[in-house]
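The primary structure of each chain is shown beneath.
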Amino acid sequence: MSSLTHFDAQGQAHMVDVGAKPATHRIAVAEGRITMQPETLAIVQNGTAKKGDVLGVARIAAIMAAKKTSDLIPLCHPLALTRVAVEFELQPESSSILCTATVELHGQTGVEMEALTAVQVGLLTIYDMCKAVDKGMVMGGVRVLEKYGGKSGFFHNSNHMDPQGRAQ
């Protein structure tokens, strides 16, 4: 395992210098899920939430969050993202919604944090829009699925998650 890059020789937190790294095409895919009562899922599916289009608003929130990651995570670099795609999959068998975010750029550092932030904020937005009818919703299983580009190349997360977002 390599050492942590966000600490200098004296143990002080610092932003990693990526200035000498070559710009490469980088992609990260992350996912997470929110589990809710079947009645709540039906409200989302039927578009009858009092606050409006739950998944449409959550998609915009997730995209905005990816773009603002460096404002939220102190040591993240501000990045010129070239693509942010957010998908929601309703899963009635587990009464949940799976959120998947794909983030891309041509740059000197990866976009895993942006993909993870997009997923988290997308799920939080669903919670916010549905909490009036279901305060017991649970978010979980947020993880990087894949990443491409950079010095470390390709990464695929082989950990499997159950429908409640727990590692198996």
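The structure displayed is predicted, hence computed values, not measured ones.

Parameters at a glance
- Residues numbered from 1 in each chain as written.
- Predicted model: local features only at pLDDT ≥ 70, side-chain atom pairs only at ≥ 80, totals over all residues.
- Heavy atoms only, no water.
- Helix = DSSP H or I, 4+ residues; strand = E, 2+ residues; numbered from the N terminus.
- Buried < 20%, exposed > 50% of the residue type's maximum accessible area, 1.4 Å probe, protein only.
- Contact = heavy atoms within 4.5 Å.
- UniProt positions renumbered as here; feature names shortened; annotations may be inferred.
- Salt bridge = Lys/Arg side-chain N within 4 Å of Asp/Glu carboxyl O.
- Polar contact = N/O pair within 3.5 Å; in protein donor to acceptor, adjacent residues only side chain to side chain.

## So, the overall build of the chain
Argument step 1. What the chain contains, in helices and strands, is four helices and five strands.
Argument step 2. Listed N to C, the secondary structure of the chain is β-α-α-α-β-β-α-β-β in terms of helices and strands.
Argument step 3. In the chain, which comprises 168 residues, the share counted as buried stands at 42%.
Argument step 4. Sequence-distant contacts in the chain: of pairs separated by 6 or more residues, those separated by 24 or more amount to 69%.

## Some remarks on the UniProt feature "active site" (unreviewed entry) in the chain
Argument step 1. If you check UniProt for "active site" (unreviewed entry), the listed places come out as D128 in our numbering.
Argument step 2. Mapping D128 onto the fold places it in helix 4 (residues 112-130).
Argument step 3. By relative accessible area, D128 is classed as partly exposed at 33%.

## Observations concerning the pattern of salt bridges
Argument step 1. Counted by the stated rule, this structure contains five salt bridges.
Argument step 2. Between K131 and D128 there is a salt bridge, with its nearest N and O atoms 2.4 Å apart.
Argument step 3. A relative accessible area of 33% means that K131 is categorised as partly exposed.
Argument step 4. A cluster of three or more residues bridged by salt bridges with shared partners is formed by K51, D128 and K131.

## Brief notes about the side chain of E31
Argument step 1. By the secondary structure assignment, E31 is in strand 1 (residues 24-35).
Argument step 2. For E31, a relative accessible area of 10% translates into the label buried.
Argument step 3. Excluding anything up to four places from it in sequence, E31 contacts L98, C99, T100, V119, G141, V142, R143 and L145.

## Re the environment of N157
Argument step 1. Examined against the element boundaries, N157 turns out to sit in the segment after strand 5 (155-156).
Argument step 2. Taking relative accessible area as the criterion, N157 reaches 13% and is therefore assigned buried.
Argument step 3. Distance in space between the C-alpha atoms of N157 and K147 is 9.0 Å, their sequence separation being 10 residues.
Argument step 4. A distance of 2.9 Å separates a polar side-chain atom of N157 from the backbone oxygen of V144.

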